[in-house]
Amino acid sequence: MNSETTPLHVLKARLAGTEVRLSDGPLAGAVLAAAAIPGVLPPVRWRGRLLADGGIANNTPVSHAVALGARRIYVLPTQNPGDRGLPRPPRAALAAAVHAITVLTNARLHGDLARYAPSAELIVLPAANPGHIALTDFGHAGQLITQALAATRTALATGTPNPPAAAVTPAGLRPAGPDVETGPQD
């Protein structure tokens, strides 16, 4: 999965929850495994192993980028790191379960950002879904992509961190743009 200029590493998970980093082989298989969200799409067989979306084990694999020697890492979170609030409480069991998973993945990301900030320059881009649109609502995909692209372009062009976030940001972690919050540091 290496092009002539930029290597690609895709994180997947075995169904037991262990992380698997795919660094070679057919790109199509890696992409199919990346889309294999449990309960939505079936797992993909890769070299004798059943693999699913790596997000079930490590939603934002900053640790793998650091292990591969990256010195600058652009992080595109789905929600603002440390953001545990919802505009309104979940009403259904599925929505509550999805929210619980979101809280867990955000907590992992928040911890990883603090843990790996001394090892690499971490540039946290504006969240792709700052409005808390349900992860099961695919009707807003185009809107979220357009908004995330515009916010990311603005953040990268200005390089202006959010002052409240900068005050609680660990050394080496640089929020990109004016709309990024990292949340309280515990």
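Procedures and definitions
- Residues numbered from 1 in each chain as written.
- Predicted model: local features only at pLDDT ≥ 70, side-chain atom pairs only at ≥ 80, totals over all residues.
- Heavy atoms only, no water.
- Helix = DSSP H or I, 4+ residues; strand = E, 2+ residues; numbered from the N terminus.
- Buried < 20%, exposed > 50% of the residue type's maximum accessible area, 1.4 Å probe, protein only.
- Contact = heavy atoms within 4.5 Å.
- Areas by Shrake-Rupley, 256 points an atom, 1.4 Å probe, with all protein chains shown as cover.
- Pairing = 2+ DSSP bridges.
- Axes fitted to C-alpha atoms, helices over the stretch in contact; angles between N-to-C directions.
- Salt bridge = Lys/Arg side-chain N within 4 Å of Asp/Glu carboxyl O.
- Expected span 1.5 Å × (residues − 1).
- Arc of directions from axis to C-beta.

Turning to the overall build of the protein, a few remarks are in order. Scanning the protein for helices and strands turns up 5 helices and 7 strands. Counted from the first residue to the last, the protein has its helices and strands arranged as β-β-α-β-β-α-β-α-β-α-α-β. Looking at the protein as a whole, 34% of its 186 residues are labelled buried. Contacts spanning at least 24 positions in sequence make up 58% of the contacts within the protein whose residues lie at least 6 apart. By element, 61% of the accessible surface of the protein is carried by carbon and sulfur atoms, the whole surface being about 10600 Å².

Time to look at the sheet that holds strand 1 (residues 10-14). Strand order in the open sheet formed by 4 strands is 2-1-4-3, and the pairing between neighbours is antiparallel. Each edge of the open sheet carries a strand with a single partner, namely strand 2 (19-22) and strand 3 (44-46). With strand direction ignored, the average angle separating the axes of adjacent strands in the sheet is 50°. For strand 3 and strand 4 (residues 49-53), the ladder comprises 3 bridges, and the chain directions are antiparallel. Note on strand 4: the bridge partner recorded for Val44 is Leu51.

Attention now moves to the pattern of salt bridges. Oppositely charged side chains are able to pair whenever their charged atoms sit close together. Counted by the stated rule, this structure contains 5 salt bridges. When the shortest N-O distance is used, the salt bridge between Arg72 and Glu121 registers 2.8 Å. Here Arg72, found in strand 5 (residues 72-75), pairs with Glu121, found in strand 6 (residues 121-124); they are 49 residues apart in sequence, far enough to count as distant. Arg72 sits in the partly exposed class, given a relative accessible area of 49%. The partner of Arg108 in a salt bridge is Asp112, and the shortest N-O contact between them spans 3.1 Å. Placement of the pair is Arg108 and Asp112 together in helix 3 (residues 93-116), with a separation of 4 residues, close to one helical turn. Judged by its relative accessible area of 2%, Asp112 falls in the buried class.

Within strand 1, 4 of the 5 residues are buried, leaving the element largely enclosed by the surrounding structure. For strand 1 and strand 2, the ladder comprises 4 bridges, and the chain directions are antiparallel. Its bridge partner lying in strand 2, Ala13 is registered against Glu19. The loop that links strand 1 with its antiparallel partner strand 2 comprises 4 residues; one of these, Gly17, has a positive phi angle of about 100°. Across 3 bridges, the pairing between strand 1 and strand 4 is antiparallel.

Here we come to unusual backbone geometry. Of note in this structure, Arg47 is not a glycine but carries a positive phi near 50°. Turning to its location among the elements, Arg47 is positioned in the loop between strand 3 and strand 4. With a relative accessible area of 57%, Arg47 lands in the exposed category.

Before going further, it helps to examine helix 4 (residues 141-158). With 18 residues, helix 4 extends 26 Å between its outermost C-alpha atoms, agreeing within 8% with the 26 Å of an ideal straight helix rising 1.5 Å per residue. For helix 4, every residue scored as buried is listed here: Leu144, Ala148, Thr152 and Ala155. Along the axis of helix 4, the buried positions cluster into a sector of 65°, meaning they face one direction only. The exposed set on the far side of helix 4, more than 90 degrees from its buried face, consists of Thr146, Arg153 and Ala157.

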